[in-house]
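Examination of the molecular architecture
Below are the chains, spelled out letter by letter.
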Amino acid sequence: MNARKTIFALLITALIGTAGVAQAAVKVGFTGVMSGGQALLGQDQYDGFMLAVELKGGKLGGQAITVLKEDDQLKPEVGSQIIKKLIDKDRVDVLVGLGFSNVLMASLKPIVDSGTVAIATNAGPSPIAGASCAANLFFVAWSNDGAPEAAGKLAQDKGLKKVYLMAPNYQAGKDQLASFKRYFKGEVVDEVYTQVGQTDYAAEIAQLQASKPDGVFVFYPGGMGVNFIKQMSQAGLMGKLPVYSSFTVDGTTLPTLKEAATGTIATAMWDAVLDNPENTKFVAAFEAKYKRTPSMYAAAGYDAAQLLDVAIHKMNGVTTDKKEFAKAVKAAAKDFKSVRGSFAFNHNNMPIQNYYAFQVVKDGSKVNTKQIGTPLASHPDAFHDKCPLK
Amino acid sequence: MFWNLFIPQLLNGLQLGVLLFLLAAGLTLVFGIMSFVNLAHGSLYMLGAYFAASAYAATDSFALAVIAAVGGCVVLGFVLEQVAIVRLYRRDHLDHVLATFGLVLFFNEIARVIWGPQPYSLPVPAMLDGAIDFMGISYPAYRFAILAVGLLVAAAATWLMQGTRLGMLIRAGSVNPEMVGALGVNIKMLNGLLFALGAGLAGLAGVMAAPILSVQVGMGDPVLITTLVVIVIGGIGSVSGAFYAALIVGVVDTIGRSFLPMLLRELFSRDVANAAGPALASMLVYILMAVVLAIRPQGLFPAGGR
Amino acid sequence: MQNTLHFQRFGFIIPALLLLGLAAVPFAANHIGEPFYVTFIARMMVYAIAATALNIALGFGGMVSLGHALFLGMGAYSVALPAFYDIDSGMVHLLVTLASCALLGFVTGAISLRTSGIAFIMITLAFAQMGYFVFVSLKNYGGDDGMVITQTSKFFGLDLGQPNVLYAVTLLVLLLSLWWTARLRVSPFGMVVRGAKQNARRTSAIGFSTRRYQLMAYVLSAMLTGVAGMLLANLNAFASPSTLSWVVSGDLIVMVVLGGMGTVAGPLLGAISFLGLEEFLKLFTEHWMAIFGPMIVVIAVLGKGGIAGLLAWCDQRSAKGNAQ
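Analysis parameters
- Residues numbered from 1 in each chain as written.
- Chains lettered and ligands numbered in written order.
- Predicted model: local features only at pLDDT ≥ 70, side-chain atom pairs only at ≥ 80, totals over all residues.
- Helix = DSSP H or I, 4+ residues; strand = E, 2+ residues; numbered from the N terminus.
- Rg over C-alpha atoms; globule rule 2.2 N^0.38 Å.
- Buried ≥ 20, exposed ≤ 12 C-beta atoms within 10 Å, placed from the backbone.
- Contact = placed C-beta atoms within 7 Å.
- Axes fitted to C-alpha atoms, helices over the stretch in contact; angles between N-to-C directions.
- Left-handed = near helix turned anticlockwise from the far one by under 90°.
- Nonpolar A, V, L, I, M, F, W, Y, C, P; charged D, E, K, R; others polar.
- Pairing = 2+ DSSP bridges.
- pLDDT = per-residue confidence, 0-100.
- Expected span 1.5 Å × (residues − 1).
- Core = buried A, V, L, I, M, F, W, Y, C linked by C-beta atoms within 7 Å.
- Parallel < 35°, antiparallel > 145°, perpendicular 65-115°, else oblique.
- Right-handed = clockwise from strand over helix to strand, strands pointing away.

1. Quick notes on the overall build of chain B
Assigned secondary structure in chain B consists of 11 helices and two strands. Secondary structure elements in chain B, listed N-terminal to C-terminal, are α-α-α-α-β-β-α-α-α-α-α-α-α. Its C-alpha radius of gyration of 20 Å places chain B within 12% of the 19 Å reference for a compact globule of 306 residues. Here the C-alpha coordinates of chain B stretch approximately 60 × 50 × 35 Å along the principal axes. Out of the 306 residues in chain B, the part that is buried amounts to 56%. Pairs at least 24 apart in sequence give 78% of the contacts found in chain B among residues at least 6 apart.

Here you go:
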C-alpha cells in the first residue's frame, strides 16, 4: 500500500511539476511563504527563480530541472516538515528558498544533517552567520544585519541624534534593530517590538509621536509594512519625520503604498532602479512576464537560479556528490553575474555585497525610487568571525 | 506629556471599540435569537474589505466601495443563511462551531484564489486624508470619521431596537424565540433578515477598516476572536451590551498595550518589563473576559434586563 | 449483560485492521527504502492520541473545549524547556508534562466549568490564547520562533528522537489510550460523566456531584493530550507557540466529530482520515483548503455519527440481514 502511494504521488508531482520536460535530471525543492499576509514575498522569490530557469530554456547548467514548490505558511513547524519531506521522500538535489528566518531556524538541523545543498533567498539570521554556519547552506539574499547596518550608518552620517526603533518580535526583528545600533551612535529613544502579523499600529504610533524623536527606523516586512507606513502617513508624520526602513518599503509593498511612502528611505542590496546590464535585462523580462515590478525577493530568487546554473555546469550536470556540489556552488559565486552588482560569498557562505540607500520620490502622479547613496560597499556580515568554516 | 499620549490612545481605543461594535452587533443578535455560533463572521468582514477593494479599483469611488462592501455582504449573508445555516439551527453548538470553522477555512482559501496572495489597499477618501490638530495633539481625521460612523450606527441600532416594530420583534425573539414564532411572526424571514443585517454590518466594518489596515487573507481571524470576547462580556443577544463591551474592550486593549509596559518598567527591570509587558497586554482582554464570566456569567449588560 | 467489547463485524474489525496496518508501517517503509513514511504516519498517530484525549472531555463529557491545543503545546514545551537546560531524561519530561497539564487542566477546568454552552467554548478558547501569548512573549525561550530541541527524551537507553523508536512508543501509547478509553467508557466513573452529558440534572439528582466528575474527566483529558504533545515535540525536535493556536483546537474537534464522538475508535479513525485526506488533497492542488473547508461543513450538516457511526450502521444492516 505504501509503495503504490509513493509511485502515485511521484507521478502526480511529476505531472504537475514538469510541463513538457521529458526527464528530470536535477530536482529542486522550493519552499517559501505562499499563503497569508506575506505570501507575495514567497511568490516573488519563486517567480524570480522560475524566470531565470525559463530564460535558460527550462534548464540550469544544461540540465533539465524539476521544481517542487511547497508552502511553509510562515509556520516553523510546517516549514520543518516540508523540508524533511523534500529531503527524505522526494530526495531533491538542492533546496532553494527556505523561507523567513524563524522558519529556517526550525529546519536547520535536517538541512545540515542531510548535507543537501540549500540556498536561502530570504533569510540571513545571525546565528547561522556565526557559530551555526554550515558548508552546505548558502545565502544569496542578504545577511539580516546588512541593510539595517547601512541604515544606521546613513542615519549617523546625516546627523540624526535621537532615533525611535520598531520591529516585529521575532529573530529577524531583533537582529535588524541590533544591527542598526551597531552603526548608529546616537541616542535610541525607544526600541519597540510588536506582535508578528499585527495590523493596527495606532497605539505604537501615538507613543512614537509623544517621544519626539528626530528619526525613525523600522523593519516591517510584507503586509505589516503596508499597514505601518499607511498609518504613519495618516497620522501626518511622513513629512515631519525622516523614516528609515529595511524590507518595509520595497517592490512588494510600494505598489500598494503609492504616495503614502513618499520620502521614506530604504536600505537594501538591490532595487529595480539599479543601473547595470544584468539588472536591466532582469527587470524588463520580469515586468514583461509577470506584469509587475520585481522586488528584492524576486532578485534573490533570480540570482539563486543563476548561481545554480554556473554550479551545475561546473559539476557537468552530476549533482549526486553533495560535498562536491556544495563546493561548486561556493566557487560559482566568482563566475556568475548578479543583478545587484558585486557579489561574493564570505567564508561563512553569507554574501559580501553593497548595501544601497533608496528614497521614494513623487514622479508626477506616480512614485518612484531613487538611489541616494551606497552607505556600505562590499560589506561582510558582522558575525563571520564566529564561523569555523574556512 | 501624559495627556499628549493618553488622549490619542483613548481615541484609538474608542475607535477600535466602535469597529468591534459593528462586528459584535450582528454576531450577538444571531447568537441571541437563533442561538447560532457563527465563527465565519470574521470572514464576512474580510470579504467586505475585498469587495470594497475591488469596487474601488474598478471605479475609483469610495462611496461605491462602501455600497459594494455592505451590499455584497448582505447578499452573501442571506445566501449563506438560506443554503447552509438554516439546516443547523436545531443542532447544538458543536455543529455550529464545526460548520462555521469549515467556512472560515473555505473563505480564506477562496479569497486567495480570487484575489491572489498580495495585500490590497483602499486609500482614505480625499476629504478625510490628513490629521486634525487639537490640544497639541494631531490625530488622523479618518479615525475620527470611523468613530462618528460607529456612533451613528449605534444610534441607528438603538432606534431600530427601541423604536420600531422590527426591533421589538428582535428583542422579543432574543428572550423567547418560540413564543415569537407561535404568535404568528414569520420567524424564518426574520432570521434570514437578521443574519443578512449582521453580515452587512460586518461588511461595513471591513470597508471602514480597509484604508487603515491592508486587505489580506485571514484578516478576519484575529478580529473574530476579539469580537467573540466582546459579545461574551457584553451579554449574548444584547446589542446595547455589545456596544458598551466593545468600547470597554477597545479601550482596555489599547491603553493596556501602550501603558502596561511603561508601568511595568517603573516597577521592574527593563528586561522583565519588555518580556512580560507585551504578553500581559495581549492577555488583558482575555483575563477581563474570564473575570466577567466567573462573576457574572450572563454578561455585563444581558438582553432582557437583569 | 453485554460485554465491554462486542464482536461487531465492522465497528471492531476495521479499526483492528487499521491498527495492524499501523504496526506494519515501519517494517514496510524501511523495507521499500522510504523511511519518510515512518515519521509521516507517526505524526498522524500523535494527533490520534490527542483526539482520543479530547474525546474523553468532548465525546464522553459533552464539554466542547476549543482550547485543547493549550495542553498539546504544554506537553511540547515540557520537553523543550528541560532540553534547553540539557535535561534529556524522558522520565523528567514525562513528569513535567503530566504535572503541568494536570495543574493547568485543573485550574482552567475549574474556572471553565462554572459556565456552560457558548461561554464554556469561549473561556476554553481564551485560556488557550493566553497560553499562546505567554509562550510568544518568552523571548529567551524562542518566543514566536519556537525552540529547537537538541536533547530529545531518553528512556532506559532508548532515544525518542529516533524515528523508529518514536513510532513504536507512539503506537504503544495509542494502543494503551484506546484500551483505557474503552474501559473508562463503561466504568462507573465513565457512566457518570456520560450521564452528566446526557442529562446533568438527572445525574445530579441521583446524588452525583456532576461538576467534580466533569472536572476529573477534563483533567484526565488534559494529561493525555499533554503526552501527545510530548511525543509531537520529539517527532519534530521542535516546539513553537503555533501549536497552541485555536485552529489546532478546531482541527482536533473536527477529528473527534469526523470519527464519531463518544466512541472508542472514533478519534483514531477521525485523525487518520482528517490528516490523510489533507495529504491526499494536497497532491492535486495547492488550494486543497477550498475543498477541505466545505467538506467539514458537510460533516457538520450530516450529523454526529461520524465514521464510527457509519460502521455501526453497517453492522446494524448486516445484523438485520442475518436475522432474516
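2. Describing the overall build of chain C
When you go through chain C residue by residue, the secondary structure sums to 13 helices and four strands. Burial analysis of chain C (324 residues in total) assigns 54% to the buried set. Within chain C, counting contacts between residues at least 6 apart in sequence, those at least 24 apart form 79% of the total.

3. Details of the packing of helix H4 (residues 90-112) of chain C against helix H9 (residues 210-236) of chain C
Helix-helix packing is characterised by the crossing angle of the two axes and by the distance between the axes. All names here are of chain C. Two numbers describe how H4 lies on H9: the axes approach to 8 Å, and their chain directions differ by 145°. The hand of the H4/H9 crossing is right-handed. Facing H4, whose interface residues are His93, Leu94, Thr97, Leu98, Cys101, Ala102, Leu104, Gly105, Phe106, Gly109 and Ala110, H9 presents Leu215, Tyr218, Val219, Ala222, Met223, Thr225, Gly226, Val227, Gly229 and Met230. Here the residues of the contact of H4 with H9 are counted per class, giving 14 nonpolar, seven polar and no charged.

4. A closer look at the interface of chain C and chain A
Contacts between the two partners involve 20 residues from chain C, matched on the other side by 22 residues from chain A. Within the residue set of the side of chain C that touches chain A, elements represented by two or more residues are helix H1 (9-31) and helix H2 (36-60) of chain C. If one sorts the elements of the side of chain C that touches chain A by residue count, H2(C) sits on top with three residues. Its residues placed into classes, the side of chain C that touches chain A shows 10 nonpolar, six polar and four charged.

5. Side note on the sheet that holds strand E2 (residues 59-60) of chain A
Through backbone hydrogen bonds, the strands of a sheet pair up, either in parallel or in antiparallel fashion. Residue and element names in this part refer to chain A. Strand order in this open sheet of six strands is E2-E3-E1-E4-E5-E6, and the pairing throughout is mixed. With partners counted over all chains shown, the strands left at the sheet margins are E2 and strand E6 (137-139), one partner each. In this structure, strand E1 (residues 26-32) lies alongside strand E3 (residues 63-71), joined through seven bridges in parallel fashion. Directly across from Val28, in E3, lies its bridge partner Val67. Packing of helix H3 (residues 76-89) onto the sheet brings it into contact with E1, E3 and strand E4 (94-97), and relative to E1 it is tilted by some 175°.

6. Topic: the confidence of the model for chain B
For chain B, the mean per-residue pLDDT works out to 85, and 97% of the residues sit at or above 70. Mean pLDDT values over the elements of chain B span from 77, in strand E2 (residues 137-140) of chain B, up to 93, in helix H2 (residues 41-59) of chain B.

7. Describing unusual backbone geometry
In this model, A:Gln73 sits at a positive phi of 55°, which is unusual for a non-glycine residue. Among the residues examined, A:Gln73 registers 20 C-beta atoms within 10 Å and is labelled buried. Positive phi is not limited to glycine here, since C:Phe156 has a value of about 40°.

8. Quick look at the environment of C:Ala128
Residues and elements named next belong to chain C. Looking at the secondary structure, you find Ala128 in helix H5 (residues 118-137). The class for Ala128 is buried, based on 25 C-beta atoms found within 10 Å. For the pair Ala128 and Thr108, spaced 20 residues apart in the sequence, the C-alpha separation amounts to 9.6 Å. The residues touching Ala128, leaving out its near neighbours within four places in the chain, are Gly67, Ala69, Leu70, Leu244, Trp246 and Ser249.

9. Quick look at helix H7 (residues 171-183) of chain A
Residues and elements named next belong to chain A. Taking 1.5 Å per residue as the helical rise, H7 with its 13 residues ought to reach 18 Å, and the 19 Å between its terminal C-alpha atoms agrees with that figure. Of all the 13 residues making up H7, 10 are buried; the element is thus mostly covered by neighbouring parts of the structure. Turning to H7, its buried residues number three or more, namely Gln171, Ala172, Gly173, Lys174, Asp175, Gln176, Leu177, Ser179, Phe180 and Tyr183.

10. Brief notes about the nonpolar core
Counting residues in each nonpolar core, the largest one holds 351 residues, and the members touching the most others are B:Ala49, B:Ala52, B:Ala69, B:Leu98 and C:Ile49. By residue number, the principal contributor to this core is H2(C), which donates 20 residues.

11. Points about helix H7 (residues 188-198) of chain C
Every α-helical turn comprises 3.6 residues, leaving residues that sit three or four positions apart pointing alike. Taken as a whole, H7(C) has its buried residues at C:Val192, C:Val193, C:Arg194, C:Ala196 and C:Lys197. If you follow the buried residues of H7(C), they end up packed against H2, helix H8 (200-206) and H9 of chain C.

12. Comments concerning the interface of chain B and chain C
On the side of chain C, 35 residues touch chain B, which itself brings 37 residues to the contact. Put simply, the parts of the chain that give the side of chain B that touches chain C at least two residues each are helix H4 (93-115), helix H9 (220-234) and helix H11 (270-295) of chain B. A total of 15 residues in the side of chain B that touches chain C trace back to one element, the largest contributor, which is H4(B). Of the residues contributing to the side of chain B that touches chain C, the split by class is 30 nonpolar, four polar and three charged.

13. Describing the confidence of the model for chain C
Residue and element names in this part refer to chain C. Averaged over all residues, the pLDDT of chain C is 87; the fraction at 70 or higher stands at 96%. Segment residues 1-5: pLDDT under 50, and four contacts once partners within four positions in sequence are set aside and those in other chains are kept. Reported confidence for the predicted complex is 0.81 by ipTM and 0.84 by pTM.

14. Side note on the packing of H3(A) against helix H4 (residues 101-114) of chain A
Residue and element names in this part refer to chain A. In the contact formed by H3 and H4, the axes pass within 7 Å of each other and the chain directions differ by 25°. In this view, H3 runs roughly parallel relative to H4, as classed from their interaxial angle. Crossing angle aside, the handedness with which H3 passes H4 is right-handed. Contacts from Pro76, Glu77, Gly79, Ser80, Ile83, Lys84 and Ile87 in H3 reach Asn102, Val103, Ala106, Ser107, Pro110, Ile111 and Ser114 in H4. Considered class by class, the residues forming the contact of H3 with H4 number seven nonpolar, five polar and two charged.

15. Looking at the pairing of strand E5 (residues 117-120) of chain A
All names here are of chain A. Both faces of E5 are covered, namely the face carrying Val117 and Ile119 and the face carrying Ala118 and Ala120. With H4 bridging E4 and the parallel E5, this β-α-β connection has right-handed handedness. Inspection of the sheet shows E5 paired to E6 by three bridges, in the parallel sense. Counterpart to Ile119 in the pairing with E6 is Phe138.

16. With respect to the environment of A:Ala357
With respect to the helices and strands, the residue A:Ala357 is situated in strand E13 (residues 351-363). Sequence-distant contacts of A:Ala357, that is, excluding residues within four places in its chain, are made with A:Ala150, A:Leu154, A:Ile265, A:Thr267, A:Ile372, A:Gly373 and A:Pro375.

17. Considering the environment of B:Leu193
Residue and element names in this part refer to chain B. Within the secondary structure, Leu193 sits in helix H8 (residues 187-209). Overall, the presence of 18 C-beta atoms within 10 Å leaves Leu193 in the partly exposed class. Residues Leu193 and Leu213, 20 residues apart in the sequence, show an inter-C-alpha distance of 29 Å.

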